[in-house]
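# Inside the fold
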Amino acid sequence: MATPAILHRHLRHAHAAPPQQQGNHVRPHRLWGLQHLPLPGGKCREDPNDTALQRDCTAHSVLYDLGQNTFRPLTIQTDPWCSSGAVLPDGTLVQTGGHNDGDRSLRTFSPCNDEKCDWNEEPNYLLTRRWYASNQILPDGRIIIVGGRRQYNYEFYPRGSSSSTIWLEHLRQTRDQRIENNLYPFLHLLPDGNLFIFANTKAILFDYKRNAVVKELPEIPGQDPRNYPSTGSSVLLPLDENQPFLQAEIVVCGGAPRGSFVLAENGTFQKTLGTCGRINMNHANPNWVMEYMPVPRAMGDMLNLPDGDVLILNGVGLGTAGLWPSQLGRGCTIPRPFWSRTAVFVLVGGSNPHVGYNFTGVDYPTDLSLEAFSPPYLARDYETVRPRIVSVHENIGYREQFSVAFAVPEYVHSSVVSVTLVAPSFTTHSFAMNQRMVVMKLGEVRELSLDKYEVAVMGPSAEKIAPPGYYLLFVVHADIPSSAMWVKLQ
């Protein structure tokens, strides 16, 4: 794990880059005031209509090299504040929307092997403004872009011949007056190809190909909102192709009681939600089963770990997104409330509980650091059973068998071996868009030599289960994952 680096404020998202730039992160920030890192070559951004700075020669996006713990500035022209994104099958990072001059912008970053790649921007590509929208990569490689502030519709990238957005009544029905509570809706692609869409307290099963609601799901118990600004989090649990019937379960955790934002505006900060709702989409009539977190939180981040556990960290115990009395970065040594982010490595970065930049003289200053969180399975006690990938095919196909060779000092049994794929996500505002983990179907595990083994693996059975693109591949042995290798599923 790389040593945490000092970056600029407003770390908007984290994504794992594909092999061409292995271990790099692209991080754009809100264009709001001068940053600490100048643009290279004396470049400046000139915008006479900018509300903060008409001339800005500082970087609002950086490329961070995990292995070398170095970064270089990137140039971004339009405001990406509260945008959304996804990674295309070819490894290109796509970022959609934002604020002010960026609310209809499309930004792409394609990895390269030199120091020349940078953002490409199309300022008016989107059909409407996308501020607080959510994205989901689809089985055909397109991206669906859903919602945003006062946007009860969706569109696709690439948009093809379409010249208008598509109405989604569910978003209008789930909007609370003034407070909304349906921003950054939770999207999950299910193995049947339909979308699970959760906003506020309600979810639907949605066929985006026919623009049709397949099923309205029960309201989550308690009727307390889970989306921005109440801001809970959600994950699709790992899809295990070794099971007789593929189970698709979704978990929604945390948030804030209804009315919390208005109360917080007047100085009353309510305790956040400590409940999680779990729903199994395989059931004929899915229903929520309620569970409890160890502590309540809003603005928490949920992350599928390669051993199958779900990590929940960051957030606050009182108030809502944007309004809270004190910040508690739950699980971290540094408070990680508003605009904190978590990625699969596990990197935890950023925090800014202020309207502007405030580095001194306050209890919780603007924070520019990254932390590397170590899950328990990284403890040295497990070195003897920790697998190490020796070789794997760089390209894998659907329903095609391939092999993974790995080494492990103390091999236990084939029954405790698994091979998982983890998709790169775009994480912002407590939701890791496109987060996905697939446990692939295994064949025989055979011994190659002392301490070395080879496992036969079947590629995912359908694009609906794992859309095409780059994935991190892990070997897990006795609940202890290896370091990952990048593979391309095609």
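Sequence order as written defines the numbering, with residues in each chain counted from 1. pLDDT decides what is reported in this predicted model: residues at 70 or higher carry local features, side-chain atom pairs at 80 or more are listed and counted, and totals for whole chains, interfaces and linings draw on all residues regardless. Think of the side-chain values as coming from all heavy atoms in the structure, minus any hydrogens and water.

## Description of the state of the cysteines
Only a pair of cysteine sulfur atoms within 2.5 Å counts as a disulfide in this structure description. A full pass over the atoms with the stated rule returns three disulfides. Here Cys44 pairs with Cys57 through a disulfide, and the sulfurs are 1.9 Å apart. What sets the handedness of the Cys44 and Cys57 disulfide is the S-S torsion sign, and at about 95° it is right-handed. With Cys44 in the loop between β1 (24–28) and β2 (45–46) and Cys57 in the loop between β3 (55–56) and β4 (61–65), this residue pair connects regions lying 13 residues apart in the sequence. What connects to what in the protein, once the bonded cysteines are numbered by sequence position, is 1-2, 3-4, 5-6. Numbering of helices and strands runs from the N terminus; a helix is a DSSP stretch of H or I covering at least four residues, while a strand is a stretch of E covering at least two.

## A word on the sheet that holds strand β18 (residues 233–236)
If you walk across this open sheet you meet the four strands as β18-β20-β21-β22, and the pairing is antiparallel. Only two strands of the sheet have a single neighbouring strand rather than two, namely β18 and β22 (288–292). Averaged over all neighbouring strand pairs, the angle between strand axes comes to 20°, with direction disregarded. The pairing of strand β21 (residues 275–280) with β22 spans five bridges and is antiparallel. What sits directly across from Cys276, in β22, is Glu291. Pairing between strands is defined by DSSP: at least two bridges between them are needed. Orientation is described by axes fitted as lines to C-alpha atoms, over the contacting stretch for helices, and by angles from 0 to 180 degrees between their N-to-C directions.

## Quick word on the packing of aromatic side chains
Pairing of aromatic rings covers Phe, Tyr and Trp, the last through its six-membered ring, and needs centres within 6.5 Å; plane angles under 30 degrees mean stacked, over 60 mean edge-to-face, and all others mean tilted. Taken as a whole and judged by the stated rule, the model has 15 aromatic pairs. Ring centres of Phe156 and Tyr208 lie 6.3 Å apart, and the angle between their planes is 55°; on these two criteria the pair is classed as tilted. Here Tyr208 lies in the loop between β16 (202–207) and β17 (212–216) and Phe156 lies in strand β12 (residues 153–157), a separation of 52 residues in the sequence. Just as Phe156 is buried, Tyr208 falls in that class too. Distance and angle both matter: a charge sits over a ring if NZ of Lys or CZ of Arg is within 6 Å of the ring centre and within 35 degrees of the ring normal. Seen from the ring of Tyr125, Arg159 lies directly overhead, with NZ or CZ sitting 4.5 Å from the centre. Burial status follows relative accessibility: with a 1.4 Å probe on protein chains alone, a residue under 20% of its type maximum counts as buried, one over 50% as exposed, and anything between as partly exposed.

## Regarding the pairing of β16
A regular strand places its side chains on the two faces of the sheet in alternate fashion. With five of six residues buried, β16 lies mostly within the body of the structure. Bridging between strand β15 (residues 195–199) and β16 involves five bridges; their strand directions are antiparallel. Counterpart to Phe198 in the pairing with β16 is Ala203. The turn linking β15 back onto β16 is made up of two residues, and Asn200 within it adopts a positive phi angle of 70°. Examined bridge by bridge, β16 and β17 share four bridges and lie antiparallel to one another. Across the sheet, residue Ile204 finds its bridge partner in β17, namely Glu216. Counting the residues that bridge the hairpin from β16 to β17 gives four residues, and of these Asn211 lies at a positive phi of roughly 50°.

## Let's talk about the side chain of Thr96
Relative to the assigned elements, Thr96 resides in strand β7 (residues 93–96). On the accessibility criterion, Thr96 (1% relative accessible area) is buried. Throughout this description, a polar contact denotes any pair of N or O atoms lying within 3.5 Å of each other; where both atoms belong to protein, one of them has to be capable of donating a hydrogen while the other can accept it, and for residues adjacent in sequence the pair is counted only when both atoms sit in side chains. Within polar-contact distance, the side chain of Thr96 engages the side chain of Ser84 at 2.7 Å. For Thr96, the side chain forms a polar contact with the side chain of Asn135, separated by 3.0 Å.

## Observations regarding the sheet that holds strand β14 (residues 186–189)
Strands pair in a sheet through their backbones, by hydrogen bonds, and they do so in one of two ways: parallel or antiparallel. Spatially, β14-β15-β16-β17 is the arrangement adopted by the four strands of the open sheet, whose pairing is antiparallel. At either end of the open sheet lies a strand with only one pairing partner, and these are β14 and β17. Between one strand axis and the next, the sheet turns by 25° as a mean value, whatever way the strands run.

## Points about the nonpolar core
One broad rule of soluble globular proteins: the nonpolar side chains tend to lie buried together. Take the buried Ala, Val, Leu, Ile, Met, Phe, Trp, Tyr and Cys residues and link them wherever side-chain atoms come within 4.5 Å; each set so joined is a nonpolar core. Core analysis: the biggest nonpolar cluster contains 66 residues, and Phe196, Met281, Val404 and Leu473 have the highest contact counts within it. Residue contacts follow a heavy-atom distance rule, with two residues in contact if any of their heavy atoms lie within 4.5 Å. Setting aside residues up to four positions removed in sequence, Leu473 forms contacts with Ile389, Val392, Phe402, Val404, Val419, Thr420, Leu421, Met440, Ser483, Ala484, Met485 and Val487.

## Side note on the pairing of strand β5 (residues 70–74)
Where β4 lies against β5, five bridges are found, and the strand directions are antiparallel. Among the inter-strand pairings, Val62 is bridged to a residue of β5, identified as Pro73. The antiparallel pairing of β4 with β5 creates a hairpin that spans four residues between the two strands, and Asn69 there sits at a positive phi of about 55°.

## Points about the side chain of Ser233
Mapped onto the fold, Ser233 is located in strand β18. Within the structure, Ser233 has its side chain in polar contact with the backbone oxygen of Ser430 (distance 2.5 Å). With sequence-adjacent residues up to four places away left out, Ser233 is seen in contact with Phe186, Val251, Val252, Cys253, Gly300, Asp301, Met302 and Ser430.

## Description of the pattern of salt bridges
Definition used for salt bridges: Asp or Glu carboxyl oxygen within 4 Å of a side-chain nitrogen of Lys or Arg. If you walk through the whole model with that rule in mind, you get 18 salt bridges. Taking the shortest distance from any N to any O, the salt bridge between Arg278 and Glu291 comes out at 3.0 Å. Of this pair, Arg278 sits in strand β21 while Glu291 sits in strand β22, and the two are 13 residues apart along the sequence. In this structure Arg278 comes out as partly exposed when scored by relative accessible area, which is 26%.

## Details of unusual backbone geometry
Following Tyr157, the chain continues to Pro158 via a peptide bond in cis, the omega torsion being -10°. Structurally, Pro158 is set in the loop between β12 and β13 (166–167). A cis amide bond links Tyr228 with the next residue in sequence, Pro229, at an omega value of 10°. Located in the positive-phi region is Met299, a residue other than glycine, with phi close to 60°. Of the residues examined, Met299 reaches a relative accessible area of 3% and is grouped as buried. At Asn314, a residue that is not glycine, the phi angle is positive and equals roughly 75°. Within the fold, Asn314 resides in the loop between β24 (310–313) and β25 (341–342).

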